[in-house]
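Residues per chain, in single letters:
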Amino acid sequence: MESLRTIVPESGDVGLPYHELMGSDSARFADLSVITSVDDLASYTADLEDLASDLAVQNPSYEPWVLLPIVRASAERRSFVFVLAFESHRVHGRRLVGFFPFERISIHSLMPVSCLRLWADPFNYLNARCDPLIRCGNEACIQDMLNWFMQGGAHAELLNLRGLTDGTSIAAAVTRYLSTSELTHTHSTIESHLYRRHSDAKSYMDHVFSTKSQQTLRRYERRLRELGPIEYSDVTEHTDIEVLADEFIDLEDRGWKGQQGVSVASYGHRDLVKGILLEAHRRNRLSLLTLRIAKKVIAARCVVLAKPGSFLFKLTYDESETYSKRSPGLLLELEAIRRMHSDGELLGHQVEWMDTCASPYSSIFGRSRSDALKVHRFLVARPRTIGAIMLAMLPHMLILRDALRTHGSQLVHRVKAWRTRRGGVRGAT
């Protein structure tokens, strides 16, 4: 999937040898700098911005204007290890060529084995888009990072390289280096959904939807028009982006996410998310497409542009029966597909694809995607360590887990049935 290539930024300087890492906020191993302080990471903002202008694989969630506000808000509850790779360039001097943001976790409360895993922001529900920021042509820094881990990097037993996009130079480099390394590893994949631009919107629609499905969608739109005038609009058609951002957050909060306490507003992330959206708009990288009926927002989708691609942040819609039975979320996706095929639209100008970053079980994206998109995960351990033993046991542990889930649910069902029968007998007595 070569079209998923990207753009990134530059470098700085650091200090202490690796063996002093555990007693300091920053350290250095070969051409790698290891930082555990968010404040220290912030001092590399200019380098990270430069890196993000020349990326091998796009990942907006690791760019400093997105990452820094979120990790600051998470720093009290999480332990971070940021690995920065530098090279000496005869023209540019010492510059940043790779950025790997890890968080340190314990595998389980009953098994306190330390693991470094690529960080995923709290809005990244699939744990996709965890591709590290690598400058084009500098994928070799991945091997430097793996060598650092091999030498006992950050005193972790396991390395979790999750959320790596299939078909990219990064996923290929990780596969290649692990296949020739002494490191032990396991590999698994999950599936997400991709919108890839066709020659025109009609070609895309004909490829994705059957004739009958397209007729059904036109019927939904006609039924929606019965409720009032329909208006589709993006940020370029709004003068007050703050109001638009609030409408988007409020709409999500009125749905099932708000009811279950997992919406942006109920988590207390309104100001954080709103700030990121405003910054994306300032950088001309925000699409916030809305569907309105008689001026009321009933569906909204937020996308961060990272040309030649884009990444969906959230899709939300009014879940009241009046609107939900007319599929406003899917209709908004169809409008986005039309705009993606128009060079004059924000969603289509120099944009070739959109990564939904969504669950494989998503009904909306499963119906409207053009391509399946694999996302890789590599669990890595040094040989002859407790981490390697755990990886060797992993297949058996997964079989045991599945067996316990299956037989455990059967046992619960039998116990409930037994209690029901026993209760019936007592009642008869």
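Looking only at helices and strands, the protein chain has 14 helices and 14 strands in total. Counting all 429 residues of the protein chain, 50% fall into the buried class. For the protein chain, the computed accessible surface area is about 20100 Å², with 51% contributed by carbon and sulfur atoms.

Within this structure, the stated rule accounts for eight aromatic pairs. Considering the side-chain rings of Phe82 and Phe99, the 6.3 Å spacing of their centres and the 20° angle between planes classify their relative orientation as stacked. In this pair, Phe82 sits in strand β3 (residues 79–89) while Phe99 sits in strand β4 (residues 93–108), placing the two residues 17 residues apart along the sequence. What makes Phe82 buried here is its relative accessible area of 1%. Among the aromatic side chains, those forming a connected cluster through ring pairs are Tyr62, Phe80, Phe82, Phe99 and Trp119.

Bringing the state of the cysteines into the picture now. Linking two cysteines covalently via their sulfur atoms produces the bond known as a disulfide. Considering all chains together, one arrives at zero disulfides under this definition. Here Cys357 is not disulfide-linked; the sulfur of Cys130 is the nearest cysteine sulfur, at 9.6 Å. On the basis of relative accessibility, which here comes to 8%, the residue Cys357 falls in the buried class.

One finds Phe102, Trp148 and Leu161 to be the most contacted residues of the largest nonpolar core, which totals 111 residues. Examining the composition of this core, we find that eight residues originate from one element, strand β11 (residues 296–306), more than from any other. Counting residues in each nonpolar core, the second largest holds eight residues, with Leu379, Ala381, Met390 and Leu391 among its members.

Here Leu278 shows up in helix α10 (residues 270–282). Since its relative accessible area comes to 25%, Leu278 is described here as partly exposed. Between the C-alpha atom of Leu278 and that of Ala245, which follows or precedes it by 33 residues, the distance is 8.1 Å. Those residues within four positions of Leu278 in sequence are excluded, and the remaining contacts are Ile241 and Glu242.

Definitions and limits used
- Residues numbered from 1 in each chain as written.
- Predicted model: local features only at pLDDT ≥ 70, side-chain atom pairs only at ≥ 80, totals over all residues.
- Heavy atoms only, no water.
- Helix = DSSP H or I, 4+ residues; strand = E, 2+ residues; numbered from the N terminus.
- Buried < 20%, exposed > 50% of the residue type's maximum accessible area, 1.4 Å probe, protein only.
- Areas by Shrake-Rupley, 256 points an atom, 1.4 Å probe, with all protein chains shown as cover.
- Phe/Tyr/Trp six-rings, centres within 6.5 Å; stacked < 30°, edge-to-face > 60°.
- Disulfide = S-S within 2.5 Å.
- Core = buried A, V, L, I, M, F, W, Y, C linked by side-chain atoms within 4.5 Å.
- Contact = heavy atoms within 4.5 Å.

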